[in-house]
Amino acid sequence: MIIKKLAAPLINEKLLQEAEHCYIASASISEAGFDFIRSRIPPKCKMDMVTGLDVPTSPQVLRRIWRNYQGRITLNIYTRNVFHANVYIFDLPFRKAVAFVGSGDFTLEGIKDREELFYKITDAKQIEELKSWFTGYFEFAEPLTEALIQEYELLYPSFKQREIASRQEKEEFVSLTTAGFSWEAIKFKNQFFKKEHYLTFANDRANLTTQEVVAQREEVRTKLVQLHDSIKEHVHKLKLFENADINCLVNSIDPPHYSNQKVRSLSISYGRGEAEFKKINQEIKLEDVVQFQLSIKSQSIEVSLFCGIGKGREDRAYLKDKMFEEEYRNQFFKLLTGLGSGYWIEVVGDKRKVESFLKPELLAEFIKADDWRYYAFSVATKYSPGDPAISSDNISKTMMQEFDKLVLLYRLFLKA
């Protein structure tokens with residue numbers, strides 16, 4: 001029997017509720033996927049698992065299993081080759097069993113959210129064959145240890161960063177080629193930014209340093225400065241300030257200044273002023289804290305509260321700590337979800353619409369995964385090319401309105 005969503009039979013047929021022993025082989029494990037099954041099986045049900053870590057698996061879930069479930073849950077790591085199998089076997093009462101073989105890994109996305117395919121098996125002989133297959137990998141895999149987890153924690157961020165970058169590139173590719181996007185359908189006559197300004201950041205130009213491309217970037221930078229001049233008075237009234245060095249008002253147009261050697265956007269940043277920085281720490285700079293960003297990318301104009309990789313340590317640690325306080329948590333939730341549709345929050349490469357959070361506690365758990373050392377953090381919205389809101393007549397007003405909406409959330413974010 002073909003199954004599209006594994007979660008359906010696991011819950012509807014009460015397979016987890018009746019399970020006496022689980023055997024799970026998977027390419028990847030997430031905390032949410034682990035909790036989906038662990039929270040639904042009986043306390044006495046044992047779990048034997050094997051994974052390969054070839055697809056990034058959260059170190060947190062490995063550590064949880066190691067610390068909290070020894071004796072009940074055994075997880076081994078297969079290291080002899082790439083391990084990409086996904087098999088779920090459940091022993092049931094009265095010597096019955098059921099198994100599922102398919103594409104979905106041991107994550108919530110693999111179990112219920114993504115488009116996966118599973119085949120349900122109930123034949124006793126076939127299930128015994130699957131168990132023999134599972135045992136072969138399980139017994140030749142390495143046992144989970146504290147030392148293994150510690151070493152993996154050091155490598156995981158680079159694995160995850162590559163995964164995030166790959167997904168973002170795919171999203172841009174899909175948007176340009178298969179999602180109905182067409183430059184020809186956009187009327188640029190009254191637009192502040194023209195087609196050539198967006199194309200400056202296209203993938204085939206992002207790493208170039210030819211005279212033509214550099215001139216295009218210079219033109220975009222000039223347009224951003226013009227936009228800044230039209231809104232700076234209003235922005236200053238909100239006690240937000242740009243970089244004091246006029247030469248650094250817009251970020252660099254040179255590919256070598258970026259870790260991936262590509263200029264994929266140009267931005268102006270706003271935040272605390274110099275006087276405020278001096279009260280906090282003489283060494284802190286605008287780029288080191290949470291800030292407003294007004295950016296142009298290959299297909300959009302974005303306004304965000306943003307902090308890049310390795311930035312915003314104090315502000316982001318403060319936000320995570322405050323998520324444990326009910327009053328603050330509720331206030332942050334109210335302001336974030338109050339932004340309405342069209343806004344998203346991104347934590348550890350996971351971008352979610354603000355309206356998708358139904359409870360403050362769910363938002364708090366999402367934010368607690370943030371790690372300033374390895375991942376960017378943002379709350380943002382975007383405008384597509386041709387949108388009347390970013391026409392020559394309206395773009396200044398639109399940007400000021402966006403700053404007005406985000407500033408309360410920004411102030412709540414700040415540690416000092």
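Residues numbered from 1 in each chain as written. Predicted model: local features only at pLDDT ≥ 70, side-chain atom pairs only at ≥ 80, totals over all residues. Heavy atoms only, no water.

Enumeration according to the criterion identifies 22 salt bridges in this entry. The partner of Lys112 in a salt bridge is Asp113, and the shortest N-O contact between them spans 2.9 Å. A salt bridge links Glu325 to Lys322; the nearest nitrogen and oxygen atoms lie 2.9 Å apart. Among the residues examined, Glu325 registers a relative accessible area of 39% and is labelled partly exposed. We classify Lys322 as buried; its relative accessible area is 17%. Three or more residues are tied together by salt bridges with common partners; here these are Glu31, Asp35, Arg38 and Arg64. (Salt bridge = Lys/Arg side-chain N within 4 Å of Asp/Glu carboxyl O. Buried < 20%, exposed > 50% of the residue type's maximum accessible area, 1.4 Å probe, protein only.)

When you line up the elements, Ser396 lands in helix α14 (residues 395-413). Not counting residues within four places of it along the chain, the set of residues in contact with Ser396 comprises Leu227, Ser230 and Ile231. (Helix = DSSP H or I, 4+ residues; strand = E, 2+ residues; numbered from the N terminus. Contact = heavy atoms within 4.5 Å.)

Relative to the helices and strands, Ser30 is located in the loop between β2 (21-26) and α3 (31-38). A polar side-chain atom of Ser30 sits 3.0 Å from the main-chain amide nitrogen of Gly33. (Polar contact = N/O pair within 3.5 Å; in protein donor to acceptor, adjacent residues only side chain to side chain.)

Scanning the model with the defined rule gives zero disulfides in all. Free of any disulfide, Cys22 has its nearest neighbouring cysteine sulfur in Cys45, separated by 3.7 Å. With relative accessibility at 0%, the residue Cys22 sits in the buried group. Cysteine Cys248 is unpaired, with the sulfur of Cys307 as its nearest cysteine sulfur at 17 Å. (Disulfide = S-S within 2.5 Å.)

Bringing the sheet that holds strand β10 (residues 265-271) into the picture now. The strand order across the open sheet built from seven strands is β9-β10-β11-β12-β15-β13-β14, with neighbouring strands paired in antiparallel fashion. In this open sheet, the two strands that pair with only one neighbour each are β9 (241-242) and β14 (350-353). The pairing of strand β13 (residues 343-347) with β14 spans four bridges and is classified as antiparallel. Bridge pairing in β14 places Val347 opposite Asp350. (Pairing = 2+ DSSP bridges.)

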